[in-house]
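Coordinate analysis (summary)
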Amino acid sequence: MKLIRIAEALETRIAYGPAAWEQINIKSIFSSDLMSDILMSDLDNMLIVTSLSTEQSIRSTGMVNSEAVVITNNKAVTDGMVVLAEELEIALFCVKFPTYETCVRLGRIMKT
Amino acid sequence: MTNMGQKGSFQSLPQGCELIGDLKISEVMTRNVLAVPRNTTIREAQSIMKENSITGVPVVDSRVVVGIVSMNDIMNALESGRMDDPVTDWMTFEVQALAEEMPLSFAISAFSKYPFRRFPVVNKRNELAGIITFRNINLALIRELSRQLQEKNNLNEHSVDMSSLELVKEYLLSRYDFENGGKASSEIKKFLKGHGIPSRLIRRVAIASYELEINLVAHSDGGMLGFDINADRVVITSHDHGPGIADVDQALTEGFSTANEWIRSLGFGAGIGLPNIKRVSDEFIIQSTLGLGTMIRAVINIHTKDQHNN
Ligand SMILES: Nc1ncnc2c1ncn2[C@@H]1O[C@H](COP(=O)(O)OP(=O)(O)OP(=O)(O)O)[C@@H](O)[C@H]1O
Ligand SMILES: [Mg+2]
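These notes cover the structure that comes with them. Please read these numbers as outputs of a predicted model, since none were measured by experiment.

1. Things to note about the interface of chain B and chain A
Facing the 38 residues of chain B at the interface are 33 residues of chain A. Counting the surface lost from both chain B and chain A, the interface buries some 3,000 Å², and carbon and sulfur atoms represent 50% of this. Area buried by chain B at its contact with chain A is led by Arg143(B), Arg203(B) and Tyr210(B), which between them contribute 24% of it. For the salt bridge of Arg200(B) with Asp42(A), the shortest nitrogen-to-oxygen distance reads 3.3 Å. Where chain B packs against chain A, one counts 20 residue pairs in polar contact (both at pLDDT 80 or more). For the side of chain B that touches chain A, the secondary structure elements donating two or more residues are helix 2 (25-28), helix 6 (134-155), helix 7 (183-194), helix 8 (199-219) and helix 11 (273-280) of chain B.

Structural data, given as structure tokens:
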């Protein structure tokens, strides 16, 4: 699924989007607030969903070759996070929904 | 091709096809498309376009496109001083719409065939589903191009640039410096990527390195993360001078962690870092003495297959 569809379904605020982020292909969703969980995951083309708004969330996303991370719960992102997302070419999104609702919405569009 | 008002057929472009593969218009178009009803005035349409920085907007009658108002139409109305006319008096009726399930190549040929800068996209029920502009197509092409390049790099292991694949480097990490924890691993990851190492392999190196790096920051009194890379393998070492681990076997058990509340609030302390490093490494050694410090060595082979053959 293309990232643009996800951005729209989640009414996303785009904190940073690399060139042509709309076309990033997402094959699986991984949600956790534990960085080691993300690092343990074995899936490809993941969208990371977390309520942890830290620079390490962006780093962990990059370590598993993911190209997009969604910060839930209407949390603000720091300038440092945006700079890091830019450096690592990772799409950084903020959504107002809690993690659970974010995942429910994602589940709905992934099915169609 | 869905025709509204005018008949026509598009040919697909042979050159574009290879690159865009089997992308469909629906995967590339903008979905959240603004549309206005028939009774909208030109003035209202103009302000909607201005607010949203767009240069045209479809006119719909219960979601079916009946026309499109462009900047041109608005200028014409303005010249005649008739900004309060309904959009239907000035809009273009003969709208070429594209169907969302069409291949992207159809959209590309539509742009070369017609003077329009945007095409509304409709679904099977002929309702407005999105809009497609040149920008959408450019972005799709850029993304597809870089994806295909990357795939080529990943498949072709011979493209690994062995000649200069050599690096010995050490990074100093301080206790609780979470701000810098991860920088070393990112740098190494970038270095390997620059040498065409397959991304699956880079991911394993990055995971081991990052977990070690964070452990130094979170659990040690400060230490050193070292890399020794050549064409055969990546060796990552972590050294610190305390406090050491009381029971190494316990530390290697999934779920065991001594992380405090603060570290946990930062997303660490699940107790699966060390087991994960072991999982992704081809060799893993840990030595620790309470009061003295901890030494960990993780090796990830680059040429596993070759080694098996020899
Ligand atoms: N360099 C170190 N110095 C001292 N103790 C360490 C060091 N590395 C790990 N440990 C100990 O081993 C435990 C387990 O480490 P591990 O990396 O598996 O989990 P964690 O760091 O607690 O949590 P996670 O890595 O899942 O975020 C740690 O909680 C800590 O007690
Ligand atoms: Mg750890």
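2. Things to note about the sheet that holds strand 12 (residues 293-301) of chain B
Sheet strands pair by backbone hydrogen bonding; their relative direction is either parallel or antiparallel. All names here are of chain B. Overall, antiparallel pairing links the 5 strands, which are arranged 8-9-10-12-11 in an open sheet. A strand with exactly one partner marks an edge of an open sheet, and here the two such strands are strand 8 (167-173) and strand 11 (283-289). Between one strand axis and the next, the sheet turns by 10° as a mean value, whatever way the strands run. In terms of strand pairing, strand 9 (residues 223-229) meets strand 10 (residues 233-240) through 7 bridges, oriented antiparallel. Pairing of Leu-225 across the sheet is with Ser-238, part of strand 10. Where helix 8 meets the sheet, its contacts fall on strand 8, strand 9, strand 10 and strand 12, and the angle it forms with strand 10 comes to roughly 5°. The strands touched by helix 11 are strand 11 and strand 12; relative to strand 11, the strand with the most contacts, the crossing angle is about 145°.

Conventions used here
- Residues numbered from 1 in each chain as written.
- Chains lettered and ligands numbered in written order.
- Predicted model: local features only at pLDDT ≥ 70, side-chain atom pairs only at ≥ 80, totals over all residues.
- Heavy atoms only, no water.
- Contact = heavy atoms within 4.5 Å.
- Buried area = accessible area lost by both parts, 1.4 Å probe.
- Salt bridge = Lys/Arg side-chain N within 4 Å of Asp/Glu carboxyl O.
- Polar contact = N/O pair within 3.5 Å; in protein donor to acceptor, adjacent residues only side chain to side chain.
- Helix = DSSP H or I, 4+ residues; strand = E, 2+ residues; numbered from the N terminus.
- Pairing = 2+ DSSP bridges.
- Axes fitted to C-alpha atoms, helices over the stretch in contact; angles between N-to-C directions.

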